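Structural characterization, general
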Amino acid sequence: MRRTVRGLADGREIIYFDDSPGAPERRAVDSRDLPPSTTASQIRRDPLTGEWVALAAHRQTRTYKPPAGLCPLCPSAEGKPTEVPEAGYDVVVFENRFPSFSQHATGQVEPGLVAVGPGLGRCEVMCFTDQHTTSFGELPASRVRTVVDVWADRTGALGALPGVEQVFPFENRGDEIGVTLSHPHGQIYGYPFVTPRTALMLAEAERYLGEHGRPVMGDVLAGERSDGSRVLFESEHWTAFVPAAARWPVEVHVVPHRQVPDLPALTEAERDDFAVLYLKVLGRLDGLHDRQLPYIAAWHQAPVRTGRDLAWLHLEVFSVLRTADKLKYLAGSESGMAVWINDVAPEDLAARLRSAPDRYGADS
């Protein structure tokens, strides 16, 4: 894989990751007339929960569902410059033009009843392919393998930036999820704090380890593999299963058999293995209702400086689609009290996914 760092017209960084033999050198110049990128956000601490909330009012003006011919994530063409100056690419990452967190934020946290601080961090957009009408599940395993390497590269790079405490790679797909750009892409956030979900998981991992002397994810993984009723796929290095306490009507966890804190810690063999297994998972998810399933794919990895001995890297893929034409809305119990009520039994979902056709033939 060849890595090329370039710049956009407003000073943002763009990085090309080429895996195709004979891919051209990346020398194209961004021809757009853009003002310098200086966007910055603020974080405020909720005194009732202790959680940080980001305020990024500039995001109200971000691009919203443009027609395919004006997609800002497609390669540039004559008279149609985009976020990617090149005429084609394999995988590309660039700083978000409308970031929730950025390195332009300045100042210190000001204590008080509602503590206020700079939204220091970084938000990147990651395009998995230059093909607008495809999806992640239709990528070849070799490209998914490149994507894993890019996730690892960016995890290390963002984790080394001033103020970043946690790195979160994720993919949103589908109108029902709220996606505003349909081109196959994901994002990577560098947060200036440890997120509430991660803090909760680390606290439980610490409690369980103290009580049992073993990692909680290790016991969960062993239990799922032994029981088998919720397991979708097993490989040499990974297992994909529907969790017993699933929150979402469709939810699958993809977990490595070895405890590692983050993506950079994966071996070459583990990365190869994930690429093959994950395509099988996505094929079944899209085969469930014979349509592209709207989903969020979220990597859970250790924070930069804390809990690294407790965390166990894993991917959670979940969807709001509870039937082929019905959505699960976060109503009073979920939104108001964070008490989840799932209308779908995890064991039933696992059985349906195992019997669903593979929409892309990855497991044939």
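In this report, the structure presented in the accompanying data block is examined. Keep in mind the model is a prediction, meaning the values are calculated, not measured.

1. Some points on the overall build of the chain
The helix and strand tally for the chain stands at 6 helices and 16 strands. Computed over C-alpha atoms, the radius of gyration of the chain comes to 21 Å, within 12% of the 21 Å expected from 2.2 N^0.38 for 364 residues, which places it in the range of a compact globule. Looking at the chain as a whole, 51% of its 364 residues qualify as buried. Long-range contacts, defined here as pairs at least 24 residues apart, represent 67% of the contacts in the chain between residues at least 6 apart. For the chain, the exposed surface amounts to about 16600 Å²; the carbon and sulfur share of it is 53%. Side chains of the chain carry 38 positive and 49 negative charges; the gap between the two charge centres is 2 Å.

2. A few points about the sheet that holds strand E13 (residues 295-300)
Spatially, the 11 strands line up as an open sheet ordered E1-E2-E5-E7-E9-E8-E13-E14-E12-E11-E10, and their pairing is antiparallel. The sheet is open, and its two edges are formed by strand E1 (2-7) and strand E10 (231-234), each paired on a single side. Pairwise comparison of adjacent strand axes, ignoring direction, gives a mean angle of 15° for this sheet. Of the strands in this sheet, strand E8 (166-173), E13 and strand E14 (314-319) are in contact with helix H2 (residues 196-212), which crosses E14 at around 125°.

3. Some thoughts on the pattern of salt bridges
It is possible for side chains of opposite charge to pair when their charged atoms get near one another. Throughout the structure, instances matching the rule amount to 34 salt bridges. Of the charged contacts in the structure, one is a salt bridge between glutamate 25 and arginine 2, with a shortest N-O distance of 3.7 Å. One end of the pair, glutamate 25, is in the loop between strand E2 (13-18) and strand E3 (42-45); the other, arginine 2, is in strand E1, with 23 residues separating them in the sequence. Overall, glutamate 25 belongs to the partly exposed group, its relative accessible area being 44%.

4. Here we look at empty space enclosed by the protein
Leftover empty space is mapped by rolling, across the atoms, a probe with the size of a water molecule. Within the structure shown, the criterion is met by 2 cavities of 30 Å³ or more. Forming the boundary of the largest cavity are Arg12, Ser37, Thr39, Glu95, Asn96, Pro99, Phe101, Ser102, His104, Arg122 and Cys123. Here the lining of the largest cavity is composed, by residue class, of 3 nonpolar, 5 polar and 3 charged. By volume, the second largest cavity amounts to about 50 Å³. Along the walls of the second largest cavity sit Phe136, Trp151, Pro169, Phe170, Glu171, Tyr278, Ala297, Trp299 and Leu315, which together make up its complete lining. Elements represented by at least two residues in the lining of the second largest cavity include exactly E8 and E13. Among the elements that take part in the lining of the second largest cavity, E8 stands out by supplying 3 residues, more than any other. Considered class by class, the residues forming the lining of the second largest cavity number 8 nonpolar, no polar and 1 charged.

5. Remarks on the nonpolar core
Grouped together as the largest cluster of nonpolar side chains are 51 residues, with contacts concentrated most on Met126, Phe136, Trp151, Val252, Phe274, Tyr278 and Leu285. Ranked by the residues each element gives to this core, the list is headed by helix H4 (residues 268-288), at 9 residues. Look past the residues within four positions of valine 252 in its chain and what remains in contact with it is Leu232, Ala240, Phe241, Val242, Pro243, Val281, Leu285, Leu315, Glu316, Val317 and Leu353. In this structure, Tyr89, Val92, Val125 and Leu181 belong to the second largest nonpolar core, which totals 13 residues.

6. Description of the environment of serine 100
Note that serine 100 resides in the loop between strand E5 (91-95) and strand E6 (116-118). The spatial distance from the C-alpha of serine 100 to the C-alpha of glutamate 124 is 10.0 Å, given a sequence separation of 24 residues. With residues near it in sequence (within four places) discarded, serine 100 still touches Ser41, Ala56, Arg59, Cys123 and Tyr189.

7. Looking at the packing of helix H1 (residues 141-159) against H4
Where H1 meets H4, the closest approach of the two axes is 9 Å, and the angle between their N-to-C directions is 125°. If you check the angle between H1 and H4, you find them oblique. Considering how the two elements wind past one another, H1 and H4 form a crossing that is right-handed. Of the residues in H4, those touching H1 at Ala141, Val144, Arg145, Val148, Asp149, Trp151 and Ala152 are Glu268, Arg271, Asp272, Phe274, Ala275, Val276 and Leu279. The residue makeup of the contact of H1 with H4, split by class, is 9 nonpolar, no polar and 5 charged.

Quick notes on the rules
- Residues numbered from 1 in each chain as written.
- Predicted model: local features only at pLDDT ≥ 70, side-chain atom pairs only at ≥ 80, totals over all residues.
- Heavy atoms only, no water.
- Helix = DSSP H or I, 4+ residues; strand = E, 2+ residues; numbered from the N terminus.
- Rg over C-alpha atoms; globule rule 2.2 N^0.38 Å.
- Buried < 20%, exposed > 50% of the residue type's maximum accessible area, 1.4 Å probe, protein only.
- Contact = heavy atoms within 4.5 Å.
- Areas by Shrake-Rupley, 256 points an atom, 1.4 Å probe, with all protein chains shown as cover.
- Lys, Arg positive; Asp, Glu negative; His and termini not counted.
- Charge placed at Lys NZ, Arg CZ, Asp CG, Glu CD.
- Pairing = 2+ DSSP bridges.
- Axes fitted to C-alpha atoms, helices over the stretch in contact; angles between N-to-C directions.
- Salt bridge = Lys/Arg side-chain N within 4 Å of Asp/Glu carboxyl O.
- 1 Å grid on protein atoms, 1.4 Å probe; cavity = no way out; pocket = protein on both sides within 12 Å on 5 of 7 lines; lining within 4 Å.
- Points joined across faces, edges and corners; volume = space filled by probe spheres on them.
- Nonpolar A, V, L, I, M, F, W, Y, C, P; charged D, E, K, R; others polar.
- Core = buried A, V, L, I, M, F, W, Y, C linked by side-chain atoms within 4.5 Å.
- Parallel < 35°, antiparallel > 145°, perpendicular 65-115°, else oblique.
- Left-handed = near helix turned anticlockwise from the far one by under 90°.

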